Amino acid sequence: VIRSVEDGRCDYEKLASSLGCSFIPSATNFVCFDVGAADRARAIVAALLELGVFIRMPGAPPLNRCIRITVGTPQERTEISDILREVMLPL
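About the thresholds
Residues numbered from 1 in each chain as written. Predicted model: local features only at pLDDT ≥ 70, side-chain atom pairs only at ≥ 80, totals over all residues. Heavy atoms only, no water. Helix = DSSP H or I, 4+ residues; strand = E, 2+ residues; numbered from the N terminus. Rg over C-alpha atoms; globule rule 2.2 N^0.38 Å. Buried < 20%, exposed > 50% of the residue type's maximum accessible area, 1.4 Å probe, protein only. Contact = heavy atoms within 4.5 Å. Areas by Shrake-Rupley, 256 points an atom, 1.4 Å probe, with all protein chains shown as cover. Lys, Arg positive; Asp, Glu negative; His and termini not counted. Charge placed at Lys NZ, Arg CZ, Asp CG, Glu CD. Expected span 1.5 Å × (residues − 1). Arc of directions from axis to C-beta.

A. Just the overall build of the protein chain, in detail. Summing up its helical and strand segments, the protein chain has three helices and three strands in all. Beginning at the N terminus, the succession of helices and strands in the protein chain can be written as α-β-β-α-β-α. Computed over its C-alpha atoms, the radius of gyration of the protein chain comes to 12 Å, within 12% of the 12 Å expected for a compact globule of 91 residues. For the protein chain, the spread of C-alpha atoms along the principal axes amounts to about 35 × 25 × 20 Å. Out of the 91 residues belonging to the protein chain, those deemed buried represent 35%. If you take every contact in the protein chain between residues at least 6 apart in sequence, the share linking residues at least 24 apart comes to 59%. Carbon and sulfur atoms make up 57% of the accessible area of the protein chain, which totals about 5,300 Å². Averaging the locations of the 10 positively and 11 negatively charged side chains of the protein chain gives two centres separated by 5 Å.

Right under this line is the structure:
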């Protein structure tokens, strides 16, 4: 399980970079993508929710410009990667 979570964090760190985002290094089962602004983070969370995907967004500055994504299974990571590319690239 530990190795799987480590692999997932690595996958998401690569995804964040490919989307032009930085990320906050993590030792947990989630990764925070820094999307640059609180308004953009809220728009991403709202767009994902419309697609039935729930992610968290920290509420207090400066972390409110981040979205928090749970590592999940390899299949879930593939699915969220595709969805994030669809949602984030137009924003």
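More follows now that the structure is in view.
B. Seen up close, helix 1 (residues 2–18). Between the first and last C-alpha of helix 1 there are 25 Å, a value that for 17 residues agrees with the 24 Å anticipated at 1.5 Å per step. Of the positions making up helix 1, those classed as buried are Val5, Gly8, Arg9, Tyr12, Leu15 and Ala16. Looking straight down helix 1, one finds its buried side chains confined to an arc of 125°; they lie on one side. Opposite the buried face of helix 1, at more than 90 degrees from it, the exposed residues are Arg3 and Lys14. Contacts made by the buried residues of helix 1 are with strand 1 (22–24), strand 2 (30–34), strand 3 (66–70) and helix 3 (74–88). One or two residues past the end of helix 1 sits Gly20, with phi positive at roughly 80°.

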